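Residues per chain, in single letters:
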Amino acid sequence: MNPSCSICNNLETVKHIFIECPIVQKYWDNNGVKNFITDIEESNNPNWLDSLRKINTKITSINWNQVFPFLMWNIWLSRNHNYHNKVNLDIPISLAITRTLEFIHLAVKEPSARQAHTSPKAIRWTSPKIGFKINIDGSFNST
Ligand SMILES: [Zn+2]
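Here the structure is a predicted model, which is why all the values come from computation and not from measurement.

Draft legend 1. Focus on the overall build of the protein. Across its full length, the protein carries 7 helices and 2 strands. For the protein, the succession of helices and strands along the chain, N to C, is α-α-α-α-β-β-α-α-α. What you see for the protein is a C-alpha radius of gyration of 19 Å, clearly larger than the 15 Å of a compact globule of 143 residues, by over 25%. Each of the three principal axes of the protein carries a C-alpha extent, and together these read 55 × 45 × 30 Å. Taken over 143 residues, the protein has a buried fraction of 14%. For the protein, restricting intrachain contacts to residue pairs at least 6 apart in sequence, the fraction spanning at least 24 positions comes to 43%.

In structure tokens:
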């Protein structure tokens, strides 16, 4: 497996994906938090992810602690999209904001909407009638 970033060819670590890669640096800059990111990057704190999670700011009037998971998820989805489609598109901000607002609307502000999904639903795994089931996970390098 090639340990290089598919975007910039530097060593792809978790910190690289979420802090150091040029495409994510641009993303943080567009979100108005580049100064926070630079401080975290320069501190060499091994708990950089915790520092990132605890930034005290807002994105378009949304508290950081609410938008943060969606921003991170957005980075991951965009990287995967770029890799699998062999493109190098910027990471869009609007999708993370939209998903955060949807979450706030459904899970925070609308108790009736939240209750509608809390009724117990019996879900359990059953074995296939014929044969057997194997769960696998894998990856490959197409080059
Ligand atoms: Zn990179």
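Draft legend 2. Representation of the packing of helix α5 (residues 64-85) against helix α6 (residues 94-109). Packing of α5 against α6 brings their axes to within 9 Å, and their N-to-C directions diverge by 140°. The angle between α5 and α6 falls in the class oblique. Viewed along their axes, α5 and α6 form a crossing whose handedness is right-handed. Side by side, α5 and α6 meet where Q66, V67, F70, L71 and N74 of the first sit next to L95, A96, R99, T100 and I104 of the second. Split into classes, the residues belonging to the contact of α5 with α6 amount to 6 nonpolar, 3 polar and 1 charged.

Draft legend 3. Quick look at the nonpolar core. Formed by 16 residues in total, the largest nonpolar core has its most connected members in I19, V24, Y27, V67, L71 and I75. Taken together, the elements giving at least two residues each to this core come down to α1 (14-20), α2 (22-30), α3 (34-43) and α5.

Draft legend 4. View of the confidence of the model for the protein. For the protein, the average pLDDT comes to 87, and 93% of its residues sit at 70 or higher. Across the protein, element-level confidence peaks in α5 with a mean pLDDT of 94 and bottoms out in helix α7 (residues 111-116) with 58.

Draft legend 5. Broad picture of unusual backbone geometry. Of note, the phi angle at S61 is positive, near 70°, even though the residue is not glycine. With respect to the secondary-structure elements, S61 resides in the loop between β1 (58-59) and β2 (62-63). A residue is classified by how many C-beta atoms lie within 10 Å of it, and S61, with 5 of them, is exposed. Despite not being glycine, K86 shows a phi value in the positive range, around 50°. Within the secondary structure layout, K86 lies in the loop between α5 and α6. What makes K86 exposed here is the crowd of 8 C-beta atoms within 10 Å.

Draft legend 6. Highlighting the environment of K26. Residue position: K26 is located in helix α2. A C-alpha to C-alpha distance of 8.0 Å links K26 and D90, two positions 64 residues apart in sequence.

What counts and what doesn't
- Residues numbered from 1 in each chain as written.
- Predicted model: local features only at pLDDT ≥ 70, side-chain atom pairs only at ≥ 80, totals over all residues.
- Helix = DSSP H or I, 4+ residues; strand = E, 2+ residues; numbered from the N terminus.
- Rg over C-alpha atoms; globule rule 2.2 N^0.38 Å.
- Buried ≥ 20, exposed ≤ 12 C-beta atoms within 10 Å, placed from the backbone.
- Contact = placed C-beta atoms within 7 Å.
- Axes fitted to C-alpha atoms, helices over the stretch in contact; angles between N-to-C directions.
- Parallel < 35°, antiparallel > 145°, perpendicular 65-115°, else oblique.
- Left-handed = near helix turned anticlockwise from the far one by under 90°.
- Nonpolar A, V, L, I, M, F, W, Y, C, P; charged D, E, K, R; others polar.
- Core = buried A, V, L, I, M, F, W, Y, C linked by C-beta atoms within 7 Å.
- pLDDT = per-residue confidence, 0-100.

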